[in-house]
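# Topology and contacts: notes
Spelled out from the first residue to the last, the chains are:
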Amino acid sequence: MNLSELHHPISTIINNNTQIREEKLLSICHLLNTSISYYNWVGFYFANHEIQTLHLGPYVGAETDHTVIPFGKGICGQVAVSNANFVVPDVSAQDNYIACSITVKSEIVVPIFVDGINIGQIDIDSHTINAFTVEDEQFLEYVCKEISYVY
Ligand code: SME
């Protein structure tokens, strides 16, 4: 699957007025998980800036215990602070990493900005080592930009 082929279905979900925001986010999780073989867990975390924590939003994939993540902790918590994409080719080589499942080998987290504020992120885990390229980063930046339109 060419990632750019997903641009149209994503904007269709975003512009579908029969779904509320949470449903749109879940639809995006399903679309990405079913369309891209190496996107094995797809989910969202959203920031509570007052208490400096991330909170699990819609997701598709294995259930996770990590429903609340403090800023700075794990890959997700680091992105909440750095405001930058984080690509982890081999999770076993990361010190500040929160393991959800031993089947996960690589991970990518891309922040969602609304009016310049990092409000949350998309988090994708892969069972394949070194699964994510710059194309995935650019594609997920597009997804996050589309999502920013519903905030
Ligand atoms: N691995 C993440 C935690 C979230 S799970 O992947 C669902 C991290 O280190 O922040």
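You'll find the structure just up there.
Quick summary incoming for the structure in this document. (Residues numbered from 1 in each chain as written. Predicted model: local features only at pLDDT ≥ 70, side-chain atom pairs only at ≥ 80, totals over all residues. Heavy atoms only, no water.)

### Thoughts on empty space enclosed by the protein
As enumerated under the stated definition, the model contains one cavity of 30 Å³ or more in all. In this structure, the largest cavity spans a volume of roughly 90 Å³. Around the largest cavity sit Tyr45, His66, Ile69, Gly74, Ile75, Cys76, Tyr97, Ile98, Cys100, Glu107, Asp123 and Asp125, which together line it. Within the residue set of the lining of the largest cavity, elements represented by two or more residues are helix H3 (74-82) and strand S6 (117-126). Taken together, the residues of the lining of the largest cavity sort by class into seven nonpolar, two polar and three charged. (1 Å grid on protein atoms, 1.4 Å probe; cavity = no way out; pocket = protein on both sides within 12 Å on 5 of 7 lines; lining within 4 Å. Points joined across faces, edges and corners; volume = space filled by probe spheres on them. Helix = DSSP H or I, 4+ residues; strand = E, 2+ residues; numbered from the N terminus. Nonpolar A, V, L, I, M, F, W, Y, C, P; charged D, E, K, R; others polar.)

### A few points about the sheet that holds strand S4 (residues 86-88)
Pairing is antiparallel across the open sheet formed by six strands, whose spatial order is S3-S2-S1-S6-S5-S4. Where the open sheet ends on each side, the last strands, each with one partner, are strand S3 (68-70) and S4. Strand-to-strand, the axes of this sheet are offset by a mean angle of 25°, without reference to chain direction. As defined by bridge partners, strand S5 (residues 106-114) adjoins S6 across nine bridges and the pair is classed as antiparallel. Note that in S6 the partner of Ile112 across the bridge is Gly120. Where helix H2 (residues 21-35) meets the sheet, its contacts fall on strand S1 (41-48), strand S2 (53-60) and S6, and the angle it forms with S2 comes to roughly 60°. (Pairing = 2+ DSSP bridges. Axes fitted to C-alpha atoms, helices over the stretch in contact; angles between N-to-C directions. Contact = heavy atoms within 4.5 Å.)

### With respect to H2
Taking 1.5 Å of rise per residue, the 15 residues of H2 would be expected to cover 21 Å, and the 21 Å separating its terminal C-alpha atoms lies within 8% of that figure. Among the residues of H2, those classed as buried are Lys24, Leu25, Ser27, Ile28, Cys29, Leu31, Leu32 and Ser35. Packed against the buried residues of H2 are helix H1 (7-14), S1, S2, S6 and helix H4 (134-148). (Expected span 1.5 Å × (residues − 1). Buried < 20%, exposed > 50% of the residue type's maximum accessible area, 1.4 Å probe, protein only.)

### What about the nonpolar core?
One finds Leu32, Tyr39, Ile122, Phe139 and Leu140 to be the most contacted residues of the largest nonpolar core, which totals 31 residues. Every residue in contact with Tyr39, bar those within four places of it in the chain, is listed here: Leu3, Leu32, Asn33, Ile124, Asp125, Phe132, Asp136, Phe139 and Leu140. Grouped together as the second largest cluster of nonpolar side chains are 16 residues, Ile69, Ile75, Val91 and Val109 included. (Core = buried A, V, L, I, M, F, W, Y, C linked by side-chain atoms within 4.5 Å.)

### A look at the site of the ligand
Looking at the ligand, the residues that line it are Trp41, Tyr45, Gly74, Ile75, Cys76, Tyr97, Ile98, Cys100, Glu107, Asp123 and Asp125. Take Cys76: an N or O atom from its main chain is 2.8 Å from an oxygen atom of the ligand. With respect to the ligand, the side chain of Glu107 contributes an N or O atom lying 2.9 Å from a nitrogen atom. For the ligand, whose accessible area on its own is 310 Å², the fraction buried by protein is 100%. With respect to the pocket detection grid, the ligand is positioned in the largest cavity. Broken down by secondary-structure element, the contributors of at least two residues to the shell around the ligand are S1, H3 and S6. (Near = heavy atom within 4 Å. Polar contact = N/O pair within 3.5 Å; in protein donor to acceptor, adjacent residues only side chain to side chain. Areas by Shrake-Rupley, 256 points an atom, 1.4 Å probe, with all protein chains shown as cover. Sits in = over half its atoms within 2 Å of the grid points.)

### Observations concerning the pairing of S6
With nine of ten residues buried, S6 is to be regarded as a mostly interior element. Strand direction decides the pairing type here: S1 and S6, joined by six bridges, are antiparallel. Of the residues in S6, the one forming a bridge with Trp41 is Asp125. Count of turn residues in the S5/S6 antiparallel hairpin: two residues, of which Asp115 carries a positive phi of about 50°.

### Some words on the packing of H1 against H2
It is the contact of H1 with H2, at a shortest axis distance of 9 Å, that shows an interaxial angle of 160°. Here H1 lies roughly antiparallel to H2, going by the angle between them. Relative to H2, H1 is oriented so that their crossing is right-handed. Contacts between H1 and H2 pair Pro9, Ile10, Ile13 and Ile14 from the former with Lys24, Ser27, Ile28, Leu31 and Leu32 from the latter. (Parallel < 35°, antiparallel > 145°, perpendicular 65-115°, else oblique. Left-handed = near helix turned anticlockwise from the far one by under 90°.)

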